[in-house]
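As a plain string of letters, each chain reads:
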Amino acid sequence: MSFLREQSGPKTAELVRSPGDFGLGQVPTAPAATTDLVCGYCSTGCSLKVHLDADGQAYNLTPTPDYPVNLGMACPKGWEALNPLCANDRATSPLVRDQTTGELVPTSWDEALTTFRDRTQSIRAEHGSDALAFLSTGQICTEEMAFLGMLAKSGLGFAHGDGNTRQCMATSVVAYKQSFGFDAPPYTYADFEESDCIVLIGSNLCIAHPIMWQRVLRNSHQPEIIVIDPRRTETAAAATQHLAILPKSDLALLYGLARLLLDRGAIDLEFIKAHTEHFDEFSAFLDDYSIDKTTAETGIPEKELERLADSIASGKRVSFWWTMGVNQGHQATRTAQAIINLALMTGNIGRPGTGANSITGQCNAMGSRLFSNTSGLLGGRDFANAEHRGEVARVTGVPEDSIPTENCLAYDQIIQGIDEGRIKALWIIATNTAHSWTGGRRLQRVLDKLDLLVVQDMYGTTSTAAQADLVLPAAGWGEKDGTFINSERRIGLVKKVSRAPGQALADFHIFRAIADTCGLGDMFRKWQSPEDVFRLLAELSEHRPCDFSGIDGYLDLERERGIQWPAPKGERTNSKMTNTKSTSQPKPFDHLSFRDLAFSPQRRLFADGKFFTPNGRAKFLFETPIAPPELADANFPFLLLTGRGSSAQWHTGTRTEKSEVLKKLHPSRIYCEIHPDDAERLGIQPGGTLSVASRRGELFAQAKITSTVKAGEVFIPMHFGELNQLTLPVVDPHSRQPSYKHCAVRIAASKS
Ligand code: SF4
């Protein structure tokens with residue numbers, strides 16, 4: 001088939017490689033070459049130097065020493081990034097469910113594509129576009145997710161599409177859009193090294209973003225490091241201050257802190273007047289947040305609150321960082337905006353070492369936020385805006401009248417639509433919904449209601465693929481070309497350094513093949529290769545806040561070691577370290593040879609105090625805190641907290657569980673952290689089994705008795721499939737992001 005021959009890279013997909021054909025056990029004596037590509041796990045976006053054999057195939061890697069993100073460092077996942085490619089359970093051919101036996105059986109690409117076309121078209125003919133939905137991901141390349149979003153919505157007539165970014169970053173997106181006028185995390189990683197006060201809220205940076213934590217450790221300003229988290233996490237243990245708040249009292253704490261700063265006069269009135277709006281209303285709102293009330297609602301003693309406020313008030317460069325502890329809450333958007341308010345009122349934005357900084361999760365969640373074509377039109381545009389639709393049509397060649405004119409359903413609404421029988425077909429790409437979605441066993445039951453479930457993934461063995469009618473085998477990171485955008489807005493290259501096994505294809509080529517099979521080749525004539533699409537997206541970004549029209553293709557990204565947006569045409573700088581001039585300390589990259597770069601290696605937003613709102617002012621946004629929807633009571637007396645387990649684990653473990661090295665770095669069995677007093681009272685022994693039950697389900701876990709959790713609270717890592725049998729299916733009303741971090745459970749010692 002033609003699309004097989006269209007694959008770029010060292011070899012074509014026609015040269016079939018069995019899983020395990022190469023690996024770390026077959027190391028040539030010296031690499032024939034090396035090449036740099038961005039890691040495919042987390043949003044830090046480290047560069048890995050992949051070692052290639054004489055056949056151009058990857059056999060080992062080391063972290064890239066002169067990349068401005070990781071400076072020669074990598075976490076265990078990065079070091080082990082090649083191993084999941086060699087797993088024995090890679091999907092090597094399309095699979096279709098046999099109607100007689102009910103088994104998934106191998107089929108040809110021709111049959112698979114025809115099945116996809118015929119079944120989606122017949123569902124559309126019978127039930128309309130509203131019956132078709134897709135779930136995208138922050139794990140594939142920007143070019144691929146843009147292609148998917150346009151193909152599905154404008155070509156195939158899928159009315160609805162969302163992505164797993166909804167589960168991690170939707171809150172930050174909405175918070176920034178409302179406050180700044182665009183989804184624009186303002187920072188650069190050098191800010192970790194430039195701050196004299198670093199406030200981490202709901203972020204266990206040590207293990208969730210270990211290389212960012214290494215950047216904190218390189219800070220020569222002896223910074224105050226403040227962690228706000230109910231648990232004494234690894235990061236909290238290393239901090240200078242830990243505020244162990246009551247779960248989901250963060251919004252009350254942030255308002256109480258704002259009031260304390262206001263009372264101290266620790267605000268930047270000049271900045272507030274020149275660059276913001278609604279501060280007077282916010283200031284009046286804070287009247288109600290006395291220190292007594294804050295102490296009562298958060299469990300933090302007055303003395304600790306005063307010390308926190310003093311540290312921020314005396315800091316010259318204060319940076320505020322948050323991640324899932326904030327984003328995954330019932331009032332998450334207002335909580336993120338309460339952090340933004342603190343940065344605005346103290347003038348800690350746009351300068352080195354400052355900022356209201358959301359740390360992203362997945363390797364390309366930032367690409368997804370701008371270009372997945374799900375909750376917004378390409379480039380941070382609006383589906384409902386005719387001018388925006390016209391711009392997209394002109395650049396992409398996709399007819400304007402095929403672009404939807406309204407927003408579609410969000411992830412939770414798609415699941416609801418399936419449950420109610422309105423959505424009949426679902427196409428899931430590179431995400432393990434059956435494990436990661438919240439709300440107990442309902443999800444598996446809901447997926448069973450579909451007339452057609454298509455799963456496109458590297459592995460045919462995920463819990464979601466097990467329910468599929470059709471499995472499309474996809475190439476993984478390292479087996480295809482494209483770009484990712486990291487947390488600090490840096491666009492970095494991903495390359496094909498290994499042949500995908502069997503008939504697995506790059507997601508890009510699967511989308512291309514579907515377009516051709518469905519008669520959409522002409523509509524997508526400009527979308528022939530990942531780099532074609534990169535250039536389309538660069539053109540589409542022109543004059544948008546995320547403008548990267550100044551990047552001249554993949555070679556430019558390679559030469560520049562990644563480039564942060566904005567990078568508009570005509571703004572090549574000869575590598576000045578912009579916005580970092582005021583530091584008296586050595587500059588973070590003085591030891592590296594970045595002086596020949598055309599773009600500065602580190603840049604931040606809002607140095608001029610101009611935001612992306614129509615009047616250029618940032619907004620103070622706030623709302624009265626409300627109690628979490630499920631409180632502890634007599635029947636369910638504990639609060640369950642969730643989060644990452646270790647730096648060796650990634651989300652649902654689909655890839656990290658393929659590495660024998662990574663598996664040795666974390667417990668293999670699901671465990672539950674419980675305070676010693678609670679364990680003693682309930683007769684729970686260290687290493688014993690306990691049952692954890694919520695109103696939605698029950699699981700059995702190994703007891704880990706530790707005072708890192710408070711009495712009355714327990715913690716289970718997110719990587720184990722059973723966990724979401726317990727979590728509460730509640731979403732933040734603004735971002736529709738699920739609240740994974742808080743639900744009521746009961747605990748008992750178990751003999752099972
Ligand atoms: Fe990869 Fe993230 Fe680890 Fe860096 S910190 S090596 S990007 S997983």
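Residues numbered from 1 in each chain as written. Predicted model: local features only at pLDDT ≥ 70, side-chain atom pairs only at ≥ 80, totals over all residues. Heavy atoms only, no water.

## Some points on the overall build of the protein chain
For step 1, the next point in the chain: Tallying secondary structure elements over the protein chain gives 27 helices and 26 strands in all.
For step 2, the next point in the chain: Dimensions along the principal axes, computed over C-alpha positions, put the protein chain at roughly 70 × 65 × 60 Å.
For step 3, the next point in the chain: Split into buried and exposed, the 752 residues of the protein chain put 64% on the buried side.
For step 4, the next point in the chain: Sequence separation of at least 24 residues holds for 75% of the intrachain contacts in the protein chain that already meet a minimum separation of 6.
For step 5, the next point in the chain: Carbon and sulfur atoms make up 49% of the accessible area of the protein chain, which totals about 25500 Å².
For step 6, the next point in the chain: Across the protein chain, the centroid of the 77 positively charged side chains sits 2 Å from that of the 87 negatively charged ones. (Helix = DSSP H or I, 4+ residues; strand = E, 2+ residues; numbered from the N terminus. Buried < 20%, exposed > 50% of the residue type's maximum accessible area, 1.4 Å probe, protein only. Contact = heavy atoms within 4.5 Å. Areas by Shrake-Rupley, 256 points an atom, 1.4 Å probe, with all protein chains shown as cover. Lys, Arg positive; Asp, Glu negative; His and termini not counted. Charge placed at Lys NZ, Arg CZ, Asp CG, Glu CD.)

## Digging into the pattern of salt bridges
For step 1, the next point in the chain: Tallying each qualifying case throughout the model produces 45 salt bridges.
For step 2, the next point in the chain: Between E539 and R394 there is a salt bridge, and its shortest N-O distance comes to 4.0 Å. Within this pair, whereas E539 is found in helix α24 (residues 530–541), its partner R394 is found in helix α19 (residues 386–396), the two being separated by 145 residues in sequence.
For step 3, the next point in the chain: Through salt bridges with shared partners, a single network forms among D419, R442, R445 and K449. (Salt bridge = Lys/Arg side-chain N within 4 Å of Asp/Glu carboxyl O.)

## Overview of helix α25 (residues 553–560)
For step 1, the next point in the chain: Looking at α25, one finds that the buried residues are G553, Y554, D556, L557 and E560. Down the axis, α25 shows its buried residues gathered within 160° of arc, on one side only.
For step 2, the next point in the chain: Where the residues of α25 are buried, they touch α4 (142–155), β17 (479–485), β18 (490–496), α24 and β19 (563–564).
For step 3, the next point in the chain: Note on α25: the residue one or two positions beyond its end, R561, has a positive phi of about 60°. (Arc of directions from axis to C-beta.)

## Details of the packing of aromatic side chains
For step 1, the next point in the chain: If you walk through the whole model with that rule in mind, you get 36 aromatic pairs.
For step 2, the next point in the chain: Measuring from ring centre to ring centre gives 6.2 Å for F147 and F511, while their planes differ by 70°; the resulting arrangement is edge-to-face. Taken as a pair, F147 in helix α4 and F511 in helix α23 (residues 507–517) lie far apart in primary sequence, 364 residues in all.
For step 3, the next point in the chain: A connected cluster of aromatic rings, assembled from ring pairs, spans F116, F134, F147, F158, W427, F508, F511, F524 and W527.
For step 4, the next point in the chain: Lying across the ring of Y459, R90 places its NZ or CZ 5.9 Å from the centre.
For step 5, the next point in the chain: Of note, R231 hangs over the ring of F715, and the distance from its end group to the ring centre comes to 3.5 Å. (Phe/Tyr/Trp six-rings, centres within 6.5 Å; stacked < 30°, edge-to-face > 60°. Lys NZ or Arg CZ within 6 Å of the ring centre and 35° of its normal.)

## Notes on the site of the ligand
For step 1, the next point in the chain: Close contacts around the ligand come from C39, Y41, C42, T44, G45, C46, A74, C75, K77, G78 and I211, and that covers them all.
For step 2, the next point in the chain: Grouping the constituent residues of the shell around the ligand by class yields seven nonpolar, three polar and one charged. (Near = heavy atom within 4 Å. Nonpolar A, V, L, I, M, F, W, Y, C, P; charged D, E, K, R; others polar.)

## Structural notes on the nonpolar core
For step 1, the next point in the chain: Counting 121 residues, the largest nonpolar core has L151, M345, W427, I514, F524, W527 and F548 as the members making the most contacts within it.
For step 2, the next point in the chain: Counting residues per element, this core draws most heavily on helix α11 (residues 250–264), which supplies nine residues.
For step 3, the next point in the chain: Membership of the second largest hydrophobic core comes to 43 residues, among which are V38, Y41, V227 and W650. (Core = buried A, V, L, I, M, F, W, Y, C linked by side-chain atoms within 4.5 Å.)

## Some thoughts on unusual backbone geometry
For step 1, the next point in the chain: The peptide bond linking W565 to P566 adopts the cis configuration, its omega dihedral lying at 0°.
For step 2, the next point in the chain: Its identity is not glycine, yet H278 carries a phi of approximately 75°, on the positive side.
For step 3, the next point in the chain: Among the secondary structure elements, H278 is positioned in the loop between β11 (276–277) and α13 (279–285).
For step 4, the next point in the chain: A positive phi angle, near 40°, is found at H651, a position not held by glycine.
For step 5, the next point in the chain: Its place among the elements puts H651 in the loop between β21 (638–643) and α26 (660–663).
For step 6, the next point in the chain: Residue classification places H651 among the buried residues on the basis of a relative accessible area of 18%.

## Notes on the confidence of the model for the protein chain
For step 1, the next point in the chain: On average, residues of the protein chain score 91 in pLDDT, and 93% of them are at 70 or above.
For step 2, the next point in the chain: In the model, residues 1–27 has pLDDT below 50 throughout and makes 67 contacts with residues more than four positions away in sequence or in other chains. (pLDDT = per-residue confidence, 0-100.)

## Considerations on the packing of α11 against helix α17 (residues 332–345)
For step 1, the next point in the chain: Look at α11 against α17: their axes get within 9 Å of each other, and the N-to-C directions meet at 15°. The angle between α11 and α17 places the two elements in the roughly parallel class. Crossing angle aside, the handedness with which α11 passes α17 is left-handed. On the side of α11, the interface is formed by D250, L251, L254, Y255, L257, A258, L261 and L262, while α17 contributes R334, T335, A338, I339, L342 and M345.
For step 2, the next point in the chain: A breakdown of the residues in the contact of α11 with α17 according to their chemical character gives 11 nonpolar, one polar and two charged. (Axes fitted to C-alpha atoms, helices over the stretch in contact; angles between N-to-C directions. Parallel < 35°, antiparallel > 145°, perpendicular 65-115°, else oblique. Left-handed = near helix turned anticlockwise from the far one by under 90°.)

## Comments concerning the pairing of strand β16 (residues 470–473)
For step 1, the next point in the chain: In β16, alternate side chains face the same way, and those of L470 and L472 on one face and V471 and P473 on the other are all buried.
For step 2, the next point in the chain: Inspection of the sheet shows strand β4 (residues 95–97) paired to β16 by two bridges, in the antiparallel sense. Considered in β16, the bridge of L95 is made with V471.
For step 3, the next point in the chain: Where strand β15 (residues 452–457) lies against β16, four bridges are found, and the strand directions are parallel. Following the sheet pairing, V455 is matched in β16 by V471. (Pairing = 2+ DSSP bridges.)

## Section: the sheet that holds strand β12 (residues 318–322)
For step 1, the next point in the chain: Spatially, five strands are ordered β10-β9-β8-β12-β13 in an open sheet, and the strand pairing comes out parallel. In the strand order of this sheet, the two ends are held by β10 (241–243) and β13 (355–358), each with one partner. Across the sheet, the mean angle from the axis of one strand to that of its neighbour is 15°, orientation sign disregarded.
For step 2, the next point in the chain: Across the face of the sheet, α17 comes into contact with β8 (197–201), β12 and β13 while running at roughly 170° to β12.

## Regarding the environment of R124
For step 1, the next point in the chain: Secondary-structure assignment places R124 in helix α3 (residues 109–127).
For step 2, the next point in the chain: Note on R124: relative accessible area 37%, which makes it partly exposed.
For step 3, the next point in the chain: R124 has contacts with S129, L132, G155, L156 and G157, leaving out every residue within four places of it along the chain.
For step 4, the next point in the chain: Among the polar contacts made by the side chain of R124, one reaches the side chain of S129 at a distance of 3.3 Å. (Polar contact = N/O pair within 3.5 Å; in protein donor to acceptor, adjacent residues only side chain to side chain.)

## Considering the packing of α4 against α24
For step 1, the next point in the chain: Packing of α4 against α24 leaves a shortest axis separation of 9 Å and a crossing angle of 80°. Classified by the angle their axes make, α4 and α24 are roughly perpendicular. Residues T142, E143 and A146 of α4 touch α24, and the partners they reach there are P530, V533, F534 and L537.
For step 2, the next point in the chain: In terms of residue class, the contact of α4 with α24 is made up of five nonpolar, one polar and one charged.

## Some thoughts on helix α14 (residues 291–298)
For step 1, the next point in the chain: For α14, the full list of buried residues reads I291, T294 and T298. Considered in projection along α14, the buried side chains sweep an arc of 60° and stay on one side of the axis. What points out from α14, more than 90 degrees from its buried face, is the exposed set D292 and A296.
For step 2, the next point in the chain: Of the surrounding secondary structure, the elements contacted by the buried residues of α14 are α11 and α15 (302–314).
For step 3, the next point in the chain: Among the residues trailing α14, G299 stands out with phi positive, at a value near 80°.

## Topic: the sheet that holds strand β14 (residues 425–429)
Two strands in a sheet stick together by hydrogen bonds in their backbones, pointing the same way (parallel) or opposite ways (antiparallel).
For step 1, the next point in the chain: An order of β5-β4-β16-β15-β14-β6-β7 is seen for the seven strands of this open sheet, with the pairing classed as mixed. Lying at the two open borders of the sheet, with one neighbouring strand each, are β5 (104–106) and β7 (160–163). Direction aside, the axes of adjacent strands within the sheet are offset by 15° on average.
For step 2, the next point in the chain: α3 rests against β6 (132–136), β14, β15 and β16 of the sheet, and its axis sits at about 130° to β16.
For step 3, the next point in the chain: Docked against the sheet, helix α20 (residues 411–419) engages β6, β7 and β14, running at close to 130° with respect to β7.

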